[in-house]
Amino acid sequence: MTDLKAQTWNVATDLSANHFSGVAVSLVDLHRARLLKGEALLSGVTFENCRIEGPAVMLVVGGCSFDATDFGYSGGDIRSLVLRPASPTGVVGAIPVSDCSFTGCQMFAIGYTGAEAFLAQILALGSEPK
């Protein structure tokens, strides 16, 4: 998964955009900018060849696509990226994402939560350590 070597990224400045390409985007800053506009859900945003930065937990609530995306450094255990919800009715403190497209992106310091089917797809990307 992620190579921790330093790479220079231009930082996204227009956090109201619905399309980002080739930039670093702080998921927390993007969510905060949307909240200030009255949008509680990050929805309908396209990311191409971007670095999505945390620290953050992404709550994937549906309709998202991840194509050729590096889910991030796992220390050799993909399970370290997954946080299963303890409640069947919701998650507090995670950034809800819906109907977004991630193509060729690199995630950095992002954890993932959501429906079991989505989490199983992430877990299938790696094998359990022996």
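Residues numbered from 1 in each chain as written. Predicted model: local features only at pLDDT ≥ 70, side-chain atom pairs only at ≥ 80, totals over all residues. Heavy atoms only, no water.

The next point concerns the pattern of salt bridges. Counted according to the given criterion, the structure contains six salt bridges. Asp 29 serves as the salt-bridge partner of Arg 32, at 3.2 Å between the closest nitrogen and oxygen. Residue Arg 32 and its partner Asp 29 are both found in helix α1 (residues 27–36); the two are separated by three residues, about one turn of the helix. On the basis of relative accessible area, Arg 32 is assigned to the partly exposed category, the value being 46%. Here Glu 116 makes a salt bridge to Arg 84, at a shortest N to O gap of 2.9 Å. Taken together, the residues span a long stretch of sequence, with Glu 116 in helix α2 (residues 116–123) and Arg 84 in the loop between β7 (65–67) and β8 (95–98) at a distance of 32 residues. We classify Glu 116 as partly exposed; its relative accessible area is 44%. Among the charged side chains, a salt-bridge network with shared partners connects Arg 34, Lys 37 and Glu 39. (Salt bridge = Lys/Arg side-chain N within 4 Å of Asp/Glu carboxyl O. Helix = DSSP H or I, 4+ residues; strand = E, 2+ residues; numbered from the N terminus. Buried < 20%, exposed > 50% of the residue type's maximum accessible area, 1.4 Å probe, protein only.)

Counting 33 residues, the largest nonpolar core has Phe 20, Phe 47, Ile 52, Met 58, Phe 102 and Tyr 112 as the members making the most contacts within it. Where this core is concerned, the elements lending two or more residues are β3 (23–26), α1, β6 (51–62), β8, β10 (106–114) and α2. Residues in contact with Ile 52, not counting those within four places in the same chain, are Val 25, Leu 27, Phe 47, Phe 102, Gln 106, Met 107, Phe 108 and Ile 110. (Core = buried A, V, L, I, M, F, W, Y, C linked by side-chain atoms within 4.5 Å. Contact = heavy atoms within 4.5 Å.)

This next bit is on the state of the cysteines. Under the definition given, this model contains zero disulfides. Left without a disulfide partner, Cys 50 is nearest to the cysteine sulfur of Cys 105, which lies 5.0 Å away. Given the relative accessible area of 0%, Cys 50 is considered buried. (Disulfide = S-S within 2.5 Å.)

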